[in-house]
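# Descriptive structure summary
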Amino acid sequence: MKIEVYDDFLESDAFDFVQRHMLGDMFPWKYATVLNPEEDDLLCDQIDNVQFSQWLYKDFIPTGPEFDIVKPIVLSQDLEITALRRIKANMTMRTPEIIKHGFHTDGYGNFRVAIYYVNTNDGYTEFEDGTKVESVENRLVVFPSMLKHTGTTCTDTKVRCVINFNYYSAKD
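The structure presented is a predicted model; accordingly, all values stated were derived computationally and were not measured. (Residues numbered from 1 in each chain as written. Predicted model: local features only at pLDDT ≥ 70, side-chain atom pairs only at ≥ 80, totals over all residues. Heavy atoms only, no water.)

## Section: the pattern of salt bridges
Applying the stated criterion across every chain, the model contains five salt bridges. Of the charged contacts, one joins Asp 106 and Arg 86 as a salt bridge, the two residues approaching to 3.8 Å between their closest N and O atoms. One end of the pair, Asp 106, is in the loop between β5 (81–93) and β6 (112–117); the other, Arg 86, is in strand β5, with 20 residues separating them in the sequence. By relative accessible area, Asp 106 is classed as buried at 7%. Glu 126 is the partner of Lys 100 in a salt bridge, and the nearest nitrogen-oxygen pair spans 2.7 Å. Here Glu 126 lies in strand β7 (residues 124–127) and Lys 100 lies in the loop between β5 and β6, a separation of 26 residues in the sequence. Overall, the relative accessible area of 9% leaves Glu 126 in the buried class. (Salt bridge = Lys/Arg side-chain N within 4 Å of Asp/Glu carboxyl O. Helix = DSSP H or I, 4+ residues; strand = E, 2+ residues; numbered from the N terminus. Buried < 20%, exposed > 50% of the residue type's maximum accessible area, 1.4 Å probe, protein only.)

Put into structure tokens, the structure is as follows:
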């Protein structure tokens, strides 16, 4: 499997629903680190290893009502999801310069990773081979779980918001 990029992934109404809820003032963001420095090689200073996040699906069950926000993505025929491992929303704040956090994988095993971009900004996802996927709202990138990647901050909007999906697919 290679890196696959889908632009305009959701229909307009479904995209508006996801974006409105993820960027709204009622979403329960929690302060967290981006990477675990005990397991991952940080490319940034420890002081920049910060984000807001929220588990939407973990340990094979939804973690709360926020799971409903991502149902349009989960139910997409393009992904052919047979089982979910986890879903996590991540939000980084604007920084004066782009900060790369560190190359990592999303766990052990052979599954797929999808990153859904909630808003457009100058941040990106970079892969170890140098491939970059720009943060464009309603874009989805899919890749194998063992492919090392890093996220970044942004400089041109208040936040960079993505939703990370780990799943098994009928395509495999």
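## Looking at the environment of Ser 53
Relative to the helices and strands, Ser 53 is located in strand β3 (residues 51–58). Accessibility expressed as a relative area gives 9% for Ser 53, which makes it buried. C-alpha separation for the pair Ser 53 and Met 22, spaced 31 residues apart in sequence, amounts to 11 Å.

## Some words on helix α1 (residues 12–22)
Regarding α1, the residues found buried are Phe 15, Val 18, Gln 19 and Met 22. Along the axis of α1, the buried positions cluster into a sector of 95 degrees, meaning they face one direction only. Seen from the buried face of α1, the exposed residues on the opposite side, beyond 90 degrees, are Asp 13 and Arg 20. Buried-residue contacts for α1 involve α2 (67–74), β5, β6 and β11 (159–169). (Arc of directions from axis to C-beta. Contact = heavy atoms within 4.5 Å.)

## Topic: unusual backbone geometry
The phi dihedral of Asp 59 is positive, around 55 degrees, even though this residue is not glycine. In this fold, Asp 59 is placed in the loop between β3 and β4 (61–62). Assessed through its relative accessible area of 60%, Asp 59 is described here as exposed. Even without being a glycine, Glu 80 presents a positive backbone phi close to 50 degrees.

## Comments concerning the packing of α1 against α2
Orientation of α1 relative to α2, taken along the N-to-C sense of each, is 150 degrees, at an axis distance of 9 Å. The pairing of α1 with α2 is recorded here as roughly antiparallel in orientation. α2 is crossed by α1, and the crossing has left-handed handedness. Within the contact between the two elements, α1 uses Ala 14, Phe 17, Val 18, His 21 and Met 22 and α2 uses Asp 68, Ile 69 and Pro 72. Looking at the contact of α1 with α2 residue by residue, the classes come out as six nonpolar, one polar and one charged. (Axes fitted to C-alpha atoms, helices over the stretch in contact; angles between N-to-C directions. Parallel < 35°, antiparallel > 145°, perpendicular 65-115°, else oblique. Left-handed = near helix turned anticlockwise from the far one by under 90°. Nonpolar A, V, L, I, M, F, W, Y, C, P; charged D, E, K, R; others polar.)

## Digging into the nonpolar core
Counting residues in each nonpolar core, the largest one holds 29 residues, and the members touching the most others are Met 22, Ile 73, Ile 87, Tyr 116, Ile 163 and Phe 165. Within the residue set of this core, elements represented by two or more residues are α1, β3, α2, β5, β6, β9 (139–144) and β11. Beyond its immediate chain neighbours, meaning those up to four positions away, Phe 165 contacts Val 70, Ile 73, Val 74, Arg 86, Ile 87, Arg 112, Val 113, Ala 114 and Tyr 116. Listed in part, the nine residues of the second largest apolar core include Ile 115, Tyr 117, Val 141 and Phe 143. (Core = buried A, V, L, I, M, F, W, Y, C linked by side-chain atoms within 4.5 Å.)

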